[in-house]
Amino acid sequence: QKEVEQDPGPLSVPEGAIVSLNCTYSNSAFQYFMWYRQYSRKGPELLMYTYSSGNKEDGSFTAQVDKSSKYISLFIRDSQPSDSATYLCAIRGNQFYFGTGTSLTVIP
Amino acid sequence: GAVVSQHPSRVICKSGTSVKIECRSLDFQATTMFWYRQFPKKSLMLMATSNEGSKATYEQGVEKDKFLINHASLTLSTLTVTSAHPEDSSFYICSALGQGRAGGLEQYFGPGTRLTVT
């Protein structure tokens, strides 16, 4: 079993939609969870990080961690075409583990 | 803060030649840097972990004699692709380990280098 599993998509939504991106992980000892956004032909940039269960908001983004289910989510409210990118979840244990990324397209 | 640069951003080379890619942490010191390879529509594949002043640690299946890594200072790591072949064409991304905003360490990524071997 991989340390982190992520649905690769692609995901296509209309502008203004709420987007839900999800990952599952295997090791209940993992403590630090991150979401990266990667535009085409660019390096990933850190979008959000959490290190506990619950929700964390930053602008139109909400990161959610459910440690009991080993499930992490990123929600994007009022999605815009500029949100079109690949979103990677990542977890830091004794090393960094990355999901495969979900490709998102927001259609105007 | 926490900016990582890569140079060049794009390079085209002929088969059999060597190419060097630089990764710099611009405003912080990084004892550890990572080198990744990314194929189109695929996730990051860790190639090696580079530690300043010591030999790099390569992931299984990555040829250390082909992908030479040098981490000579706290702000610079280089990846040299030796005797490049078309199958080495890819997007190479480095990251540097730095102090995170919530405590602990985070990876800060460079913008990537697109290598095309003809």
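Residues numbered from 1 in each chain as written. Chains lettered and ligands numbered in written order. Predicted model: local features only at pLDDT ≥ 70, side-chain atom pairs only at ≥ 80, totals over all residues. Heavy atoms only, no water.

Undergrad: Looking at this structure, I do not really get the overall build of chain A. What am I missing?
TA: If you tally the helices and strands in chain A, you get 0 helices and 11 strands. Secondary structure elements of chain A occur, N-terminal to C-terminal, as β-β-β-β-β-β-β-β-β-β-β. Computed over the C-alpha atoms, the radius of gyration of chain A is 13 Å, within 12% of the 13 Å expected from 2.2 N^0.38 for a compact globule of 108 residues. Here the C-alpha coordinates of chain A stretch approximately 40 × 25 × 20 Å along the principal axes. Taking all 108 residues of chain A together, the buried fraction comes to 44%. Sequence-distant contacts, at least 24 apart, represent 53% of the contacts inside chain A between residues at least 6 apart. Of the accessible surface of chain A, which amounts to about 5200 Å², a share of 47% is contributed by carbon and sulfur atoms. Computed over 9 positive and 10 negative side-chain charges, the separation of the two mean positions in chain A equals 7 Å. (Helix = DSSP H or I, 4+ residues; strand = E, 2+ residues; numbered from the N terminus. Rg over C-alpha atoms; globule rule 2.2 N^0.38 Å. Buried < 20%, exposed > 50% of the residue type's maximum accessible area, 1.4 Å probe, protein only. Contact = heavy atoms within 4.5 Å. Areas by Shrake-Rupley, 256 points an atom, 1.4 Å probe, with all protein chains shown as cover. Lys, Arg positive; Asp, Glu negative; His and termini not counted. Charge placed at Lys NZ, Arg CZ, Asp CG, Glu CD.)

Undergrad: So what exactly am I meant to see when it comes to the state of the cysteines here?
TA: Structurally, a disulfide amounts to a covalent bond that connects the sulfur atoms of two cysteines. Residue and element names in this part refer to chain A. Inspection of the entire model under this criterion finds 2 disulfides over all chains. In this model cysteine 23 forms its disulfide with cysteine 89; the gap between the sulfur atoms is 2.0 Å. The disulfide joining cysteine 23 to cysteine 89 has a torsion of about -100° about its S-S bond and is therefore left-handed. Placement of cysteine 23 in strand 3 (residues 19–25) and of cysteine 89 in strand 9 (residues 85–92) is noted, with a sequence separation of 66 residues between them. (Disulfide = S-S within 2.5 Å.)

Undergrad: Sorry if this is basic, but what is going on with the interface of chain B and chain A here?
TA: For interface size, the figure often reported is the accessible area lost on association. If you look at the interface, chain B gives 20 residues, while chain A gives 16 residues. Across the chain B to chain A interface the summed buried area is about 1500 Å²; carbon plus sulfur atoms make up 54%. Where chain B touches chain A, the interface holds 0 salt bridges. Of all elements in the fold, only strand 4 (32–38), strand 9 (90–99) and strand 10 (105–109) of chain B reach the threshold of two or more residues within the side of chain B that touches chain A. Here the side of chain B that touches chain A gets 4 residues from one element, more than from any other, and that element is strand 10 of chain B. Along the lines of polarity and charge, the residues of the side of chain B that touches chain A split into 9 nonpolar, 6 polar and 5 charged. (Buried area = accessible area lost by both parts, 1.4 Å probe. Salt bridge = Lys/Arg side-chain N within 4 Å of Asp/Glu carboxyl O. Nonpolar A, V, L, I, M, F, W, Y, C, P; charged D, E, K, R; others polar.)

Undergrad: How should I be thinking about the pairing of strand 9 of chain A in this particular structure?
TA: It is a general feature of regular strands that their side chains alternate between the two faces of the sheet. Residue and element names in this part refer to chain A. Burial runs high along strand 9: 6 of the 8 residues are buried. As paired elements, strand 4 (residues 32–38) and strand 9 share 7 bridges and run antiparallel to each other. When the sheet's bridge partners are listed, phenylalanine 33 is paired in strand 9 with isoleucine 91. Taken together, the 3 bridges between strand 9 and strand 11 (residues 102–107) define a ladder with antiparallel strand orientation. (Pairing = 2+ DSSP bridges.)

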